[in-house]
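Results of the structural survey
The lines below spell out each chain.
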Amino acid sequence: MSDKPWYQEAVFFELNIRAYRDSNGDGIGDFRGAIDKLDYIRSLGVDCIWVQPMYPSPLKDDGYDVADYTGILPDFGTLDDFRAFLDAAHARGLRVVTDLVMNHCSEEHAWFQAARQDRHSPYRDYFVWSDTPEKYSGARIIFLDVEPSNWTYDEVAGQYFWHRFYASQPDLNYENPAVHEEMLNVLRFWLDMGIDGFRADAVPYLYEREGTNSENLPETHEFLKKVRRLVDEEYPGRVIIAEANQWPEDLLPYFGDGDEFHVCFHFPIMPRLFMALKSGDKTPIIDILARTPPIPPGAQWMTFLRNHDELTLEMVTPEERQWMWEQYAPDPRMRLNMGIRRRLTPLLDNDKRRWLALNALFLSLPGTPILYYGDEIGMGENIWLDDRHGVRTPMQWSAATNAGFSEAEKTYQPVIDDAEYSYRHLNVAAQETDANSYLNWTRYLVAARQAQPALRAGTLAWVETGHAAVLAFRRAEGDNRVLCVFNLSDTARPSGIIPATTQTDLLSRDKRSFPAGEEIHLSPYECLWLLEN
Ligand code: NOJ
């Protein structure tokens, strides 16, 4: 392998423990169940698992409302079960990062309970209080379908408390140095146990300041640099990843001078991949990458197509948002806040050509990709479930009862059982034996990417094709070069590419080659990864 930091060349896998495998028949996935599925995860060719919140929680935001930062949700098992999961993952060469929710906790956290009950408790100042709901009015509301304000009055406390997300998630007060110490100790607790890093949730909102939008404030960056110092000094080699849904230029400070996050999610590119594919026009992709500044050495972007949240449309213009809703969320139930609560494959109408094109594009653009559990088999969504639960349904392992997820009578959410995406025919077991299945294509694409240093973390240069619908770029690392070509439209067309020497397509399993001197013609949604060396 190369001498690059591991997270620059890895493929990540986002895992919801609740949804994966239930080992004790209570209808809820758990760590013991997930251990049994680690070989499967490894078989996808991924390198690192991101475990979504596994902490004790009333689950009003699916665990992003943490009631105890150093425990495990009893539904998921015990700390020993978590350790066993971590060891079993490491034994298979898989790294593990967990979610770290620093911005807020649950209203049920002992800190908040103490704070609301006693004005003089040292915990009162762990939260942000006010006698009126007027302060910090420049801050937008994120969960705008359900929350009318970022302030909620607490009867017991006799004051309003501040929250950027649900009212059941009071924000912690980072003006208070005691909160810093608490959070740094939370980091130490899990890093001491051997985890490989954190996906740091909702980092732009740690501080609030009058007269600003209370996002990305200098004070926030100062604290985050403190977090990085701790990691560098005490746990070198571990990674911290910023979840900050912001424009590229606003994300740059999250890398600092290489002294803040190692990795930042690149949110704005995601909707543009969907836009380009639907409109048959590569411009949005090229524009957003042109707007993406260079990052410090050792840093990396993280990319995704779908995750456990709605497909966010915060980083597009209002007109583009409207267009995306019309194109991809025709039913109002598919819309939530500023986004679309659907899974990858239904968004693409279960069309394998488009699925392949989008995945091949995503896996060949710069950045460390994350796959979301279930998307590798083309799972569907259940738009009738509330919030974002429709994309968090049980993993479909087989055609057995409850999709082989659980032996319980009732599972935490129903398994998908509609005509097109039912577990009865759409499941891992059925796809294992089908060379052309979504599952085997995922494995093939990930392996093909990981075999080329240029695709893992090489440079990118656009290649002119003369057609808005044909996107081409060259990735290069040393003398390893791959020319990636995509027909984003549903009509066949010439690619504008004439190879100088014979080239082999890494995406075709029979290693189709293209002779020198002849223009390449593309079928609808065809994509090629041409190995040039
Ligand atoms: C981002 C998480 O991805 C989302 O699921 C959660 O609701 C918010 N942060 C609040 O923690």
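Residues numbered from 1 in each chain as written. Predicted model: local features only at pLDDT ≥ 70, side-chain atom pairs only at ≥ 80, totals over all residues. Heavy atoms only, no water.

Looking up the protein chain in an unreviewed UniProt entry gives the name maltose alpha-D-glucosyltransferase, with the organism given as Candidatus Promineifilum breve. In the Catalytic activity (unreviewed entry) part of its UniProt record, the protein chain is described as follows: "D-maltose = alpha,alpha-trehalose". (UniProt positions renumbered as here; feature names shortened; annotations may be inferred.)

Structural notes on the packing of aromatic side chains
Applying the stated rule across the entire model yields 40 aromatic pairs. Here the aromatic rings of Tyr40 and Trp397 are separated by 5.0 Å at their centres, their planes lie at 80°, and the arrangement is edge-to-face. Of this pair, Tyr40 sits in helix H4 (residues 38-43) while Trp397 sits in the loop between strand E14 (368-372) and helix H15 (428-432), placing them 357 residues apart in sequence. The class for Tyr40 is buried, based on a relative accessible area of 8%. Ring geometry for Phe267 and Phe304: centres 5.3 Å apart, planes at 75°, overall edge-to-face. With Phe267 in the loop between strand E9 (263-265) and helix H10 (269-279) and Phe304 in strand E10 (residues 300-304), this residue pair connects regions lying 37 residues apart in the sequence. The exposure classification of Phe267 matches that of Phe304, with both residues buried. Members of the aromatic cluster, each reached through a chain of ring pairs, are Phe31, Tyr55, Phe76, Phe82, Phe85, Phe189 and Trp190. Sitting over the ring of Trp397, Lys37 keeps its end group 4.0 Å from the ring centre. We note Arg509 situated over the ring of Trp441; from NZ or CZ to the ring centre the distance is 4.3 Å. (Phe/Tyr/Trp six-rings, centres within 6.5 Å; stacked < 30°, edge-to-face > 60°. Helix = DSSP H or I, 4+ residues; strand = E, 2+ residues; numbered from the N terminus. Buried < 20%, exposed > 50% of the residue type's maximum accessible area, 1.4 Å probe, protein only. Lys NZ or Arg CZ within 6 Å of the ring centre and 35° of its normal.)

Remarks on helix H16 (residues 438-450)
Counted at 1.5 Å a residue, the expected span for H16 with its 13 residues is 18 Å, and the 18 Å between its end C-alpha atoms agrees. Of all the positions in H16, only Tyr438, Leu439, Asn440, Trp441, Thr442, Arg443, Tyr444, Leu445, Val446, Ala448, Arg449 and Gln450 are classed as buried. (Expected span 1.5 Å × (residues − 1).)

What about unusual backbone geometry?
Most peptide bonds take the trans form, and the phi angle of most residues other than glycine is negative. Even without glycine at this site, Asn216 takes up a positive phi of about 60°. Mapping Asn216 onto the fold places it in the loop between strand E7 (197-201) and helix H8 (218-234).

Description of the site of the ligand
In the vicinity of the ligand, the residues found are Asp61, Tyr64, His104, Phe143, Phe165, Arg199, Asp201, Glu243, His308, Asp309, Arg388 and Arg392. Side-chain polar atom of His104 to an oxygen atom of the ligand: 2.9 Å apart, as the coordinates give it. One nitrogen or oxygen atom from the side chain of Arg199 is found 3.0 Å from an oxygen atom belonging to the ligand. Notes on the ligand: free accessible area 300 Å², of which the protein chains cover 97%. Among the residues making up the shell around the ligand, the classes are represented as three nonpolar, two polar and seven charged. (Near = heavy atom within 4 Å. Polar contact = N/O pair within 3.5 Å; in protein donor to acceptor, adjacent residues only side chain to side chain. Areas by Shrake-Rupley, 256 points an atom, 1.4 Å probe, with all protein chains shown as cover. Nonpolar A, V, L, I, M, F, W, Y, C, P; charged D, E, K, R; others polar.)

Structural notes on the pattern of salt bridges
One pass over the full model with this rule turns up 38 salt bridges. Across the pair Asp201 and Arg199 runs a salt bridge, and its minimum N-O distance is 2.8 Å. Across the pair, Arg199 and Asp201 agree in class, each one buried. Salt bridges sharing partners connect three or more residues here, namely Arg18, Asp61, Asp62, Asp309, Asp387, Arg388 and Arg392. (Salt bridge = Lys/Arg side-chain N within 4 Å of Asp/Glu carboxyl O.)

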